[in-house]
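What follows is the residue order along each chain.
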Amino acid sequence: MKVLICPNRDAAINRAADVISAHVAAHPEAVLGLATGGTMLPLYQRLVDLHRDGRLSFAEVTTFNLDEYVGIAPEHACSYHSYMSEALFNQIDIDETRTHLPHGKPECVNTEAKEYEERISAVGGITLQLLGIGQNGHIGFNEPTSSLGSRTRVKTLTENTRNANRQYFSADEETPRYAITMGIGTILDAQKCLLLATGVEKAQAVADMVEGPLSAICPASALQLHPHTTVILDVAASSKLRLTDYYHHVHPNGEATRFD
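Quick look at the structure, then. Bear in mind the structure is a predicted one, so any value in this text is a computation, not a measurement.

Rules used in this analysis
Residues numbered from 1 in each chain as written. Predicted model: local features only at pLDDT ≥ 70, side-chain atom pairs only at ≥ 80, totals over all residues. Heavy atoms only, no water. Axes fitted to C-alpha atoms, helices over the stretch in contact; angles between N-to-C directions. Helix = DSSP H or I, 4+ residues; strand = E, 2+ residues; numbered from the N terminus. Parallel < 35°, antiparallel > 145°, perpendicular 65-115°, else oblique. Contact = heavy atoms within 4.5 Å. Nonpolar A, V, L, I, M, F, W, Y, C, P; charged D, E, K, R; others polar. Pairing = 2+ DSSP bridges. Left-handed = near helix turned anticlockwise from the far one by under 90°. Buried < 20%, exposed > 50% of the residue type's maximum accessible area, 1.4 Å probe, protein only.

### With respect to the packing of helix α2 (residues 40-52) against helix α3 (residues 80-87)
- Across the interface, α2 lies against α3 with an axial gap of 10 Å and an inter-helix angle of 40 degrees. By the criterion of interaxial angle, the relationship of α2 to α3 is oblique. Residue-level inspection shows M40, L41, Y44 and V48 of α2 in contact with α3, the latter providing Y83, M84 and A87.
- Its residues assigned to classes, the contact of α2 with α3 shows 7 nonpolar, no polar and no charged.

### With respect to the sheet that holds strand β3 (residues 62-65)
- Pairing is parallel across the open sheet formed by 7 strands, whose spatial order is β1-β10-β9-β6-β2-β3-β5. The open sheet is flanked by β1 (2-6) and β5 (99-100), the only strands paired with a single partner.
- Taken together, the 4 bridges between strand β6 (residues 128-131) and strand β9 (residues 192-197) define a ladder with parallel strand orientation. Counted as the bridge partner of L130 is L194 from β9.

### Focus on the packing of helix α1 (residues 9-26) against α2
- One can describe the packing of α1 onto α2 by two numbers: an axis separation of 9 Å at closest approach and a directional angle of 55 degrees. What the angle tells us is that α1 and α2 run oblique. Two packed elements cross with a definite hand, and for α1 against α2 that hand is right-handed. The segment α1 lies against α2, with R9, I13, N14, A16, A17, I20 and S21 engaging P42, L43, R46, L47 and L50.

### Section: the pairing of β3
- The two faces of β3 match: T62 and F64 on one face and T63 and N65 on the other face are all buried.
- Both strand β2 (residues 31-34) and β3 contribute to a ladder of 4 bridges, which runs parallel. Its bridge partner lying in β3, V31 is registered against T62.
- Judged from the 2 bridges that link them, β3 and β5 form a sheet pairing that is parallel. Among the inter-strand pairings, F64 is bridged to a residue of β5, identified as H100.

### What to know about the sheet that holds strand β4 (residues 67-69)
- Here 3 strands make up an open sheet; going across it, the order is β4-β8-β7 and the pairing antiparallel. Two strands lie at the open edges of the sheet, namely β4 and β7 (153-156), each paired on one side alone. Along the sheet, successive strands turn relative to each other by an average axial angle of 30 degrees, direction set aside.
- Bridge count for β7 against strand β8 (residues 178-181) is 4 bridges, and the pairing is antiparallel. Paired with V154 across the two strands is I180, which belongs to β8.

Here it is, written out as structure tokens:
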């Protein structure tokens, strides 16, 4: 892993946006894997700003989101379809037919998961996969004990994850218990991975991912197996790493080097 520790949250977000925009500029027909959650909202706003400034076009880009809740229709206000439309897709020049998310209310969820995996393969795979990390170490909705070789499938959400997501639902709604998610094996198939984490609440998960043992108890630790993973952190999210001096030495202020 390449670990970039930025001075603050805004610097981390800008650094992640720079990585994505550089990738798209170099590969206009890029296939981006996209994530959701609170961490990603300011990142998507930064990408929207770059697009409005004429510095970034998504006209030929294809996207695949990591996951979607089971039992929620795309038009539901709390679906990830709605999240992506509001946070990014409706504000950029992307072709809607090139945007893909799992359907949360298909006729058969297992068939939907299988066909989603096939759609990713049909376009040649993901060139850059954007990731966040849950406080319990999940990536996508691959909860602890997920198989490190798993493919897109239905996953039961932990109470920890459901509690974290409850804020997005109204008081009279039950937080979903299941999600369709790309598997860890699917994520590791991406040519490059980019993980963004900010805030002290993510510090332990980040430490387990980067420096802990490779283990299903921290699904994100599987990224240790990936040959091209960049982890972008603010100082708070890096606070439980043991080798911060080394990471700062290699990448001062989270900057790339001439070897990147």
